[in-house]
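A look at the structure
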Amino acid sequence: DILVVNKPSGILSEDSQKREKGIIAFLHNEKRNEIHLLHRLDREVGGVMVFAKNKKSASALSTDIANGKFYKSYLAVTDGIPESDEGVYKDLLFKDSKKNRSFVVNRMRKGVREASLEYVVLKKNEKKALVRILLHTGRTHQIRVQFSSRKTPLTGDARYGSKVRDCNIALYSHKIVFYHPRTKEKVEFISNPTFDNYP
């Protein structure tokens, strides 16, 4: 019914228009066309992803995602320290498809969608913080944009303001919790990143 993958950073979630293969192409399965993409991770982001192996599972899980019954938790390292040790970020995000960037804006208009997440600081020093993030919505580059807009970009995320250039983006899909599409039992999958190499 489901397929759970620990996606490495550097691989697309789905095939690109330039014919670059996404992670499904790397799954050794003769019935690859029956694997359904439910959610995405940015190319630079690694961690847990869930796929459906049939249309029935895809429909059930897509409904749960739409109804907020699919929980995605991330770990990230920030340049700078969030003002509070825990909190909720709510913003309006505009996606510029031509530039493949998202921006926080101050009013609703065409192309703008609401974005919400909550976070907890797990560890910090004078310059950086390790945070756990629970997404309420799944917008393009949402975590990256929302933290950057508060002057705490993710370490290594040069696109959104990090001055650190010698590492990957310090963002990782740490845990996914959802209800199994057939048994309806609550299941969770966890993958722990190694952030030891981040300055």
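Scroll up a little and you will see the structure.
On a predicted model such as this, the values are computed, not experimentally measured, just so you know. (Residues numbered from 1 in each chain as written. Predicted model: local features only at pLDDT ≥ 70, side-chain atom pairs only at ≥ 80, totals over all residues. Heavy atoms only, no water.)

This part covers the pairing of strand β7 (residues 112–124). Across nine bridges, strand β5 (residues 86–96) lies against β7 in antiparallel orientation. Paired with Gly 87 across the strands is Tyr 119, a residue of β7. Of the pairings in the sheet, the one linking β7 to strand β8 (residues 128–135) comprises seven bridges and is antiparallel in character. Note on β8: the bridge partner recorded for Tyr 119 is Ile 133. A loop of three residues connects β7 with β8, the two strands running antiparallel in sequence. (Pairing = 2+ DSSP bridges. Helix = DSSP H or I, 4+ residues; strand = E, 2+ residues; numbered from the N terminus.)

Let's shift gears to the side chain of Ser 57. Among the structural elements, Ser 57 can be located in helix α1 (residues 55–66). Overall, Ser 57 belongs to the buried group, its relative accessible area being 2%. Not counting residues within four places of it along the chain, the set of residues in contact with Ser 57 comprises Asp 1, Ala 52 and Pro 181. (Buried < 20%, exposed > 50% of the residue type's maximum accessible area, 1.4 Å probe, protein only. Contact = heavy atoms within 4.5 Å.)

With that out of the way, let us pick up unusual backbone geometry. The backbone of Lys 151 sits at a positive phi, close to 65 degrees, despite the residue not being glycine. Position of Lys 151 relative to the elements: it lies in the loop between α2 (142–148) and β9 (171–179). Even without being a glycine, Lys 184 presents a positive backbone phi close to 65 degrees. Topologically, Lys 184 is positioned in the loop between β9 and β10 (186–190). Its relative accessible area of 53% is what places Lys 184 among the exposed residues.

This is a description of form; function is not addressed.
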